[in-house]
Amino acid sequence: MKSLTSLYLMVLGVALGVEIAAGAFVAPVIFFPQKYLGEGVLTHFQSGILMTQVFLKTNLVIGFIALYSMIFEVQTTMARKRNDMLSFFLSLGCAIATGLFIFYYTPFIIHAQQLGAEHTTGEAFLRMHKQSELVMKVLMGFQLILFLRRGWLAQR
């Protein structure tokens, strides 16, 4: 069980790393290409399309990890091995936040982009985009707490 917990912690760490990389490292480069290439290279709309492609790939990773997390927590709960309801509910929160991001916010953003640049500047789009950022931050918070909790429990 200890090796499965170690694998689980690694997977949670990968999720956090991918999310941080996409949001903190990739997004600023994609949305501000003029810093690196000069003016007039990409419009904000074009940068958004590129960033969407990054998040579509990120969604595959975080979706798999949310599923893996739920399986691990359910299996641990059913086996009564280091059963921890806080970890279970954190994992459930991760699954819900991941589902919202993948199946609600991402399709909305893609649809708006398909309709054209003018549909990505309106109040509804900006509100949904801000909500998607909040959901991602909540997801990362749940994952971080879950990572720390499971790591702490593994040491006991």
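Predicted model only: the values in this text are computed from it and were never measured. (Residues numbered from 1 in each chain as written. Predicted model: local features only at pLDDT ≥ 70, side-chain atom pairs only at ≥ 80, totals over all residues. Heavy atoms only, no water.)

**Looking at the environment of Glu73**
Turning to step 1, where the next piece is worked out: Examined against the element boundaries, Glu73 turns out to sit in helix 3 (residues 44-79).
Turning to step 2, where the next piece is worked out: Look at Glu73 and you get buried, because its relative accessible area is 0%.
Turning to step 3, where the next piece is worked out: Between the C-alpha atom of Glu73 and that of Phe88, which follows or precedes it by 15 residues, the distance is 5.4 Å.
Turning to step 4, where the next piece is worked out: Look past the residues within four positions of Glu73 in its chain and what remains in contact with it is Tyr8, Ser87, Phe88, Ser91, Leu146 and Arg150.
Turning to step 5, where the next piece is worked out: Here Tyr8 takes part through its side chain, which lies 2.9 Å from a polar atom of the side chain of Glu73. (Helix = DSSP H or I, 4+ residues; strand = E, 2+ residues; numbered from the N terminus. Buried < 20%, exposed > 50% of the residue type's maximum accessible area, 1.4 Å probe, protein only. Contact = heavy atoms within 4.5 Å. Polar contact = N/O pair within 3.5 Å; in protein donor to acceptor, adjacent residues only side chain to side chain.)

**Here we look at empty space enclosed by the protein**
Turning to step 1, where the next piece is worked out: If you walk through the whole model with that rule in mind, you get one cavity of 30 Å³ or more.
Turning to step 2, where the next piece is worked out: Surrounding the largest cavity, Leu12, Ile62, Ile65, Ala66, Ser69, Cys94, Thr98, Gln143 and Leu146 form its lining.
Turning to step 3, where the next piece is worked out: Contributing elements (two or more residues each) for the lining of the largest cavity: helix 3, helix 4 (85-115) and helix 5 (123-155).
Turning to step 4, where the next piece is worked out: With four residues, helix 3 is the largest single contributor of residues to the lining of the largest cavity. (1 Å grid on protein atoms, 1.4 Å probe; cavity = no way out; pocket = protein on both sides within 12 Å on 5 of 7 lines; lining within 4 Å. Points joined across faces, edges and corners; volume = space filled by probe spheres on them.)

**Concerning the layout of surface pockets**
Turning to step 1, where the next piece is worked out: Put simply, the largest pocket is a space of about 870 Å³.
Turning to step 2, where the next piece is worked out: As for the largest pocket, its lining consists of 30 residues, of which Phe31, Met51, Phe55, His129 and Glu133 are closest to the centre.
Turning to step 3, where the next piece is worked out: Breaking the lining of the largest pocket down by element, the ones donating at least two residues are helix 1 (2-31), helix 3, helix 4 and helix 5.
Turning to step 4, where the next piece is worked out: The dominant element in the lining of the largest pocket, judged by the number of residues it contributes, is helix 5, at nine residues.
Turning to step 5, where the next piece is worked out: Classifying every residue of the lining of the largest pocket gives 16 nonpolar, 10 polar and four charged. (Nonpolar A, V, L, I, M, F, W, Y, C, P; charged D, E, K, R; others polar.)

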